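Chain by chain, the residues run as shown.
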Amino acid sequence: QVQLVESGGGLVQPGGSLRLSCVTSRNIFSINGMGWYRQAPGKQRELVARITSGGGTEYEDSVKGRFTISRDNAKNTVYLQMNSLKPEDTAVYYCNADLRLYRGSSWGNYWGQGIQVTVSS
């Protein structure tokens, strides 16, 4: 099997920055779309940003202009640069990716275990 391993979360003051990273636990055959979702206490999980294999991106309205998603296909890694963080960005952030583990296998959708981001003074 394969895991998505997230890193880079933590506690930051309002207006600060964090960079989240997510990498597959081993080499795989192919990756399609990758993205970041978040879930705040008492709320549903929501899409934050997503990036296609060709580099096309989409963002949730509240993070546009503040967050940037990018990927390094050679490293099987997706990043989320978060600037001008606000208390309402506080949530558990989850990495998500569409993976094909082996040549000839079907595509599967995978989730990371989540990483806490807390924005507070």
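Quick note: structure is the one above.
Residues numbered from 1 in each chain as written. Predicted model: local features only at pLDDT ≥ 70, side-chain atom pairs only at ≥ 80, totals over all residues. Heavy atoms only, no water.

Chemist: What is the right way to look at the sheet that holds strand β8 (residues 77-82) in this model?
Modeler: In sheet architecture, strand pairing relies on hydrogen bonds along the backbone and comes in two forms, parallel and antiparallel. The four strands are arranged β1-β3-β8-β7 in an open sheet whose pairing can be described as antiparallel. Every interior strand has two partners, whereas the edge strands, β1 (4-7) and β7 (67-72), have only one. For this sheet, the mean angle separating the axes of adjacent strands, direction not counted, is 15°. Pairing between strand β3 (residues 18-24) and β8: six bridges, direction antiparallel. (Pairing = 2+ DSSP bridges. Helix = DSSP H or I, 4+ residues; strand = E, 2+ residues; numbered from the N terminus. Axes fitted to C-alpha atoms, helices over the stretch in contact; angles between N-to-C directions.)

Chemist: Would you explain the side chain of R71 in this entry?
Modeler: Looking at the element boundaries, R71 is found in strand β7. An unpaired buried charge is present at R71: no salt bridge exists, and D98, the closest side chain of opposite charge, is 8.3 Å distant. Within the structure, the side chain of R71 is placed 2.8 Å from the backbone oxygen of N32, a separation counted as a polar contact. (Buried < 20%, exposed > 50% of the residue type's maximum accessible area, 1.4 Å probe, protein only. Lys, Arg positive; Asp, Glu negative; His and termini not counted. Salt bridge = Lys/Arg side-chain N within 4 Å of Asp/Glu carboxyl O. Polar contact = N/O pair within 3.5 Å; in protein donor to acceptor, adjacent residues only side chain to side chain.)

Chemist: Whenever I open this one, the environment of F67 confuses me. Can you help?
Modeler: Relative to the elements of secondary structure, F67 occurs in strand β7. Looking at F67, the relative accessible area reads 3%, which means it is buried. Through-space distance from the C-alpha of F67 to that of G104 is 35 Å; in sequence the pair is 37 residues apart. Apart from residues lying up to four places away in sequence, F67 is in contact with R38, V48, Y59, L80, Q81, M82, N83, L85, D89 and Y93. (Contact = heavy atoms within 4.5 Å.)

Chemist: For this particular structure, what's the right way to read the pairing of β1?
Modeler: Within a regular strand, the side chains alternate between the two sheet faces. Side chains of β1 alternate between two faces, with L4 and E6 buried and V5 and S7 left unburied. Inspection of the sheet shows β1 paired to β3 by four bridges, in the antiparallel sense. Each bridged residue has a counterpart across the sheet, and for E6 the counterpart in β3 is C22.

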